[in-house]
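Results of the structural survey
One letter stands for each residue in the lines below.
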Amino acid sequence: MIRAYRPSDLDALYDICLDTGNGGQGARHLFDDPRLMGHAYVGPYVAFEPDLVFVAEDDEGVCGYALAASDTEAFEDRCDRDWWPDLRVRYPLRPNANRIVEQIHQPARADLMMIRDYPAHMHANLLPRAKGKGFGGTLVRSVLERLEKGVHVHVRHHNTHAIGFWEHIGFRVVDSADKLVLGLRL
């Protein structure tokens, strides 16, 4: 079943984020704090744009999600103002900090030329038990129906499964610098 996000889903979404991180291989072993990834990749979306968060649920519970920000530039500004400051106190930047802590302290900004054509961005993650059942495409389409302009996603070059998934939905490569960026015009 695909449904709109509920606040009671938050812990499950954080767990899915962690268990599908690291290019889909799982990132639980990479972090001392299991909530850190969720704070970066789930928390601000459910806080600021909960209407653009959908979950997949099976007999075992929540098994996937798709979430988006409709205006990437405004979302990044809001995170700078209202999301990152508390996390910077909670996760101080120290030598040899992991990449998520570095991102909290020095968040990357989207390329202004790219977001002109693809102003929204989204993330989608499924647990292994949910893959191949149509949840991913349905989740993404549920979010896309609420967006009005182009949307982009970032995918690591080595995550060929995710690249194939996004391309199957209709996204096309629009940039391939540090991470692969795929976009879809709506």
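Read on for an overview of the structure. Treat the numbers as computed from the prediction; the structure is a model and nothing was measured.

Reading the values: rules and limits
- Residues numbered from 1 in each chain as written.
- Predicted model: local features only at pLDDT ≥ 70, side-chain atom pairs only at ≥ 80, totals over all residues.
- Heavy atoms only, no water.
- Buried < 20%, exposed > 50% of the residue type's maximum accessible area, 1.4 Å probe, protein only.
- Helix = DSSP H or I, 4+ residues; strand = E, 2+ residues; numbered from the N terminus.
- Arc of directions from axis to C-beta.
- Contact = heavy atoms within 4.5 Å.
- Core = buried A, V, L, I, M, F, W, Y, C linked by side-chain atoms within 4.5 Å.
- Pairing = 2+ DSSP bridges.
- Axes fitted to C-alpha atoms, helices over the stretch in contact; angles between N-to-C directions.
- Polar contact = N/O pair within 3.5 Å; in protein donor to acceptor, adjacent residues only side chain to side chain.
- Salt bridge = Lys/Arg side-chain N within 4 Å of Asp/Glu carboxyl O.

**Section: helix 8 (residues 160-169)**
- Of all the residues in helix 8, the buried ones are A162, I163, W166 and I169. When helix 8 is viewed along its axis, its buried side chains cluster within an angular range of 130 degrees and face the same direction. For helix 8, the exposed residues lying more than 90 degrees away from the buried face are T160, H161 and H168.
- Of the surrounding elements, those touching the buried residues of helix 8 are strand 4 (120-126), helix 7 (135-144), strand 5 (151-155) and strand 7 (180-184).
- Phi turns positive one or two residues past the end of helix 8, at G170, with a value near 120 degrees.

**Remarks on the nonpolar core**
- Counting residues in hydrophobic clusters, the biggest one holds 60 residues, and the most contacted among them are L13, M122, L144, W166 and F171.
- Here this core gets 7 residues from one element, more than from any other, and that element is strand 3 (residues 61-69).
- Residues within four places of L13 in sequence aside, it is in contact with Y5, V42, V46, V53, V55, V62 and Y65.

**A look at the sheet that holds strand 1 (residues 2-4)**
- Pairing within the open sheet is mixed, and its 7 strands lie in the order 1-2-3-4-5-7-6. Each edge of the open sheet carries a strand with a single partner, namely strand 1 and strand 6 (172-176). Each strand of the sheet is rotated relative to its neighbour by a mean of 30 degrees, with strand direction disregarded.
- The pairing of strand 1 with strand 2 (residues 53-58) spans 3 bridges and is classified as antiparallel. Across the sheet, residue A4 finds its bridge partner in strand 2, namely F54.
- Running at roughly 85 degrees to strand 3, helix 1 (residues 10-20) makes contact with strand 2, strand 3 and strand 4 of the sheet.

**Things to note about the environment of Y118**
- Relative to the elements of secondary structure, Y118 occurs in the loop between helix 6 (112-117) and strand 4.
- For Y118, a relative accessible area of 10% corresponds to the buried category.
- Spatially, the C-alpha atom of Y118 lies 16 Å from that of A177, the residues being 59 residues apart in sequence.
- Ignoring sequence-local partners within four residues, the contact set of Y118 consists of G150, V151, H152, V174, G183, L184 and R185.
- At 3.4 Å, the side chain of Y118 forms a polar contact with the side chain of R185.

**Some details on the side chain of D58**
- Structurally, D58 is set in strand 2.
- At 2.8 Å, the side chain of D58 and the backbone nitrogen of E60 are in polar contact.
- A polar atom in the side chain of D58 sits 2.8 Å from the side chain of R129.
- Setting aside chain neighbours within four positions, we find D58 in contact with C63, R129 and F135.

**Quick notes on the pattern of salt bridges**
- Applying the stated rule across the entire model yields 14 salt bridges.
- Measuring nitrogen to oxygen at the nearest pair gives 2.9 Å for the salt bridge that ties R109 to D80. With a gap of 29 residues between them, R109 in the loop between helix 5 (99-105) and helix 6 and D80 in helix 4 (residues 72-90) connect regions that are remote in the sequence.
- For R109, a relative accessible area of 40% translates into the label partly exposed.
- Residue classification places D80 among the partly exposed residues on the basis of a relative accessible area of 30%.
- We note a salt bridge from D117 to R185, for which the minimum N-O separation is 3.6 Å. With D117 in helix 6 and R185 in the segment after strand 7, the pair connects residues that are 68 residues apart, well separated along the chain.
- For D117, a relative accessible area of 28% translates into the label partly exposed.
- Through salt bridges with shared partners, one network takes in E76, D77, D80 and R109.

This is a description of form; function is not addressed.
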